[in-house]
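# Architecture and fold: a report
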Amino acid sequence: MSAEDVRAGGPPLAPKALPMLGIILAAVLLGSAGLFVILAEATAPTAAFLRCWIAVIVLAPLAVLELRRHGRFPPKAILIAAVSGAALGIDYVLWAQSVLDAGLGVSTVLISVQVIVFPALVWAFGGSRPGWLFICCVPIMIIGMLLTGGVFGADETAANPTRGAIFGVLSGVLYGVYIFGIHHSRKVAGDFVVAPVQVGTIAAGVMTAVAGLTLGGLDFDLGWAGWGWMVALAVCGQALSWVLLSISSPLVPVPMTAALMLLQPLSAVVLGSLIAGERLQAGQWIGAVLVALIVWIVGGGPEALTRRRRR
């Protein structure tokens, strides 16, 4: 059976279905990360710090095996992954605080601004220019983020919805910087999957340590339950999710990957409502749906559906 037959949706479903399941699982795990932060009852710097350094320990054996197989990780790729990882570290601190301020669903939807930031950075640094569809969707995306952030009313149980919305958008910008950096690191060192994630996570961990010391220190007195949720966050919401995406996304068409990744903000909204007791206002629900719709359109969801109908 040829590769063309597999892409055309031929009999062997497993080779195509398994990567899609990997992306779906990664998206749901990323969407649940904020819930772990809430359940751990940790401060934002502490949650970000532990998320990174526990993940470094988990990823270390895989990174060592990869280095033994492919040799030295190129210095240029190390530099790119480290710089982008530093942005990720600040992102994690801001995002964790956004979860505590505005809620799980709101913060995870707002971080979707990376869908705008990543293509914009590719364009700015000499890549392909985004199409008119993308450019026209940007203002609608901004309106959706304002609605989700509670500009016309927020969840009454939220601690500080305005600050949480601002931090959520800023974390999305930094998240886009990280994805851009990892994208370029993979282009420089295409044989490496885990090493860029590991280097970026170490750099992120350093930044979270600096942030923790700057903001008054780190609090590790979380109790057994708190530490358990932090381990779950590091393993599921960091190490496993990113490795699954690194392995699976090259095997699935980009439009389909973008459409499947919508499960991240949508699962966060559902989990926040069902488990964390969050109650979004009507305007926030409209904004969340609007953001998800724009992410789907920009990610090529309509094209993927059209392609499937033609089959």
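Quick notes on the rules
Each residue is numbered by its place in its chain's sequence as written, counting from 1. For this predicted model, a pLDDT threshold of at least 70 governs which residues receive local features, and a threshold of 80 or more governs which side-chain atom pairs are given and counted, while totals over whole chains, interfaces and linings are taken from all residues. Excluded from the side-chain calculations are hydrogens and water; all other atoms, namely the structure's heavy atoms, are used. Only DSSP runs of H or I reaching four residues or more are called helices, and only runs of E reaching two or more are called strands; each is numbered from the N terminus. For every residue, the accessible area obtained with a 1.4 Å probe (protein chains only) is divided by the maximum for its type, and the residue is called buried under 20%, exposed over 50%, and partly exposed between those limits. Residue contacts follow a heavy-atom distance rule, with two residues in contact if any of their heavy atoms lie within 4.5 Å. Residue burial considers only the protein chains on display, and all accessible areas are found by Shrake-Rupley using a 1.4 Å probe. Side-chain rings of Phe, Tyr and Trp, where Trp is taken by its six-membered ring, are said to pair if the distance between their centres is within 6.5 Å; with planes under 30 degrees apart they count as stacked, over 60 as edge-to-face, and otherwise as tilted. For a Lys NZ or an Arg CZ to count as sitting over a ring, it must be within 6 Å of the ring centre and within 35 degrees of the ring normal. Axis definition: a line fit to C-alpha positions, over the contact stretch in the case of helices; interaxial angles, taken between N-to-C directions, run 0 to 180 degrees. Any angle between 65 and 115 degrees counts as roughly perpendicular, while under 35 counts as roughly parallel, over 145 as roughly antiparallel, and the rest as oblique. Crossings are classed by handedness, with left-handed meaning an anticlockwise turn of the near helix from the far one by less than a right angle and right-handed meaning a clockwise turn. Residues are sorted three ways: Asp, Glu, Lys and Arg are charged, Ala, Val, Leu, Ile, Met, Phe, Trp, Tyr, Cys and Pro are nonpolar, and all the rest, Gly among them, are polar. Put simply, buried Ala, Val, Leu, Ile, Met, Phe, Trp, Tyr and Cys residues joined by side-chain atoms within 4.5 Å make one nonpolar core. By this rule, a helix spans an expected 1.5 Å times one less than how many residues it contains. As a per-residue measure, pLDDT reflects the predictor's confidence and takes values from 0 up to 100. Here, patches come from residues exposed beyond 30% relative accessible area and free of salt bridges, joined within 9 Å for like charges and within 5 Å for nonpolar side chains (Val, Leu, Ile, Met, Phe, Trp, Tyr). Basic side-chain nitrogens of Lys or Arg form a salt bridge, by our definition, when they fall within 4 Å of a carboxyl oxygen of Asp or Glu.

### Some points on the overall build of the protein chain
Across its full length, the protein chain holds 14 helices and zero strands. Element order for the protein chain, N to C, with α for helix and β for strand: α-α-α-α-α-α-α-α-α-α-α-α-α-α. Expressed as a percentage of the 311 residues in the protein chain, the buried residues total 50%. Across the protein chain, every contact between residues at least 6 apart in sequence was considered, and the portion connecting residues at least 24 apart equals 89%. When the accessible surface of the protein chain is summed, it comes to about 14500 Å², and 71% of that surface belongs to carbon and sulfur atoms.

### A few points about the packing of aromatic side chains
Following the criterion strictly, the structure yields five aromatic pairs and no others. Ring geometry for Phe-49 and Phe-220: centres 5.8 Å apart, planes at 45°, overall tilted. Remark: Phe-220 occurs in the loop between helix 9 (194-214) and helix 10 (223-248) and Phe-49 occurs in helix 3 (residues 44-70); sequence separation between them is 171 residues. You can call Phe-49 buried: its relative accessible area is 17%. The class for Phe-220 is partly exposed, based on a relative accessible area of 36%. The rings of Phe-49, Trp-53, Phe-220 and Trp-227 are connected pair by pair, giving a single aromatic cluster. The lysine or arginine in question, Arg-51, covers the ring of Tyr-92, its NZ or CZ lying 4.0 Å from the ring centre.

### Overview of the packing of helix 4 (residues 75-102) against helix 8 (residues 161-188)
With their axes 7 Å apart at the nearest point, helix 4 and helix 8 run at an angle of 160° to one another. By the criterion of interaxial angle, the relationship of helix 4 to helix 8 is roughly antiparallel. Helix 4 and helix 8 meet at a crossing whose hand is left-handed. Across the contact of helix 4 with helix 8, the residue classes break down as 19 nonpolar, 10 polar and four charged.

### So, the nonpolar core
Core analysis: the largest hydrophobic core is formed by 54 residues, its most contacted members being Phe-73, Tyr-175, Tyr-178, Met-230, Trp-242 and Leu-245. Of all the secondary-structure elements, those providing two or more residues to this core are helix 2 (14-40), helix 3, helix 4, helix 8, helix 9 and helix 10. It is helix 3 that contributes the most residues to this core, 10 residues altogether. Of all hydrophobic cores here, the second largest spans nine residues; its members include Ile-116, Val-269, Ala-288 and Ile-294.

### Re unusual backbone geometry
The backbone phi angle of Glu-41 is positive, close to 55°, even though this residue is not glycine. Here Glu-41 shows up in the loop between helix 2 and helix 3.

### Regarding helix 9
End to end, helix 9 covers 30 Å across 21 residues, agreeing with the expected 30 Å (1.5 Å per residue, within 8%). Directly beyond the C-terminal end of helix 9, a positive phi value near 110° is found at Gly-216.

### As for the confidence of the model for the protein chain
On average, residues of the protein chain score 78 in pLDDT, and 79% of them reach the 70 mark or higher. Per-residue pLDDT, averaged within each element of the protein chain, yields its smallest value for helix 1 (residues 3-7) (42) and its largest for helix 3 (91). Confidence drops under pLDDT 50 across residues 1-14; counting only partners more than four residues distant or on other chains, this segment forms 10 contacts.

### Some thoughts on a nonpolar patch on the surface
A cluster of nonpolar side chains, Ile-202, Val-206 and Val-210, forms an exposed patch at the surface whose accessible area comes to about 210 Å². Looking at the element boundaries, Val-206 is found in helix 9.

### Some words on helix 4
A rise of 1.5 Å per residue sets the reference length of helix 4, with its 28 residues, at 40 Å; its end C-alpha atoms lie 40 Å apart and thus fit the reference within 8%. Immediately beyond the C-terminal end of helix 4, within one or two residues, lies Gly-103, with a positive phi of roughly 110°.

### So, the environment of Val-106
With respect to the element layout, Val-106 can be found in helix 5 (residues 104-110). Separated by 181 residues in the primary sequence, Val-106 and Gly-287 have C-alpha atoms spaced 9.4 Å apart.

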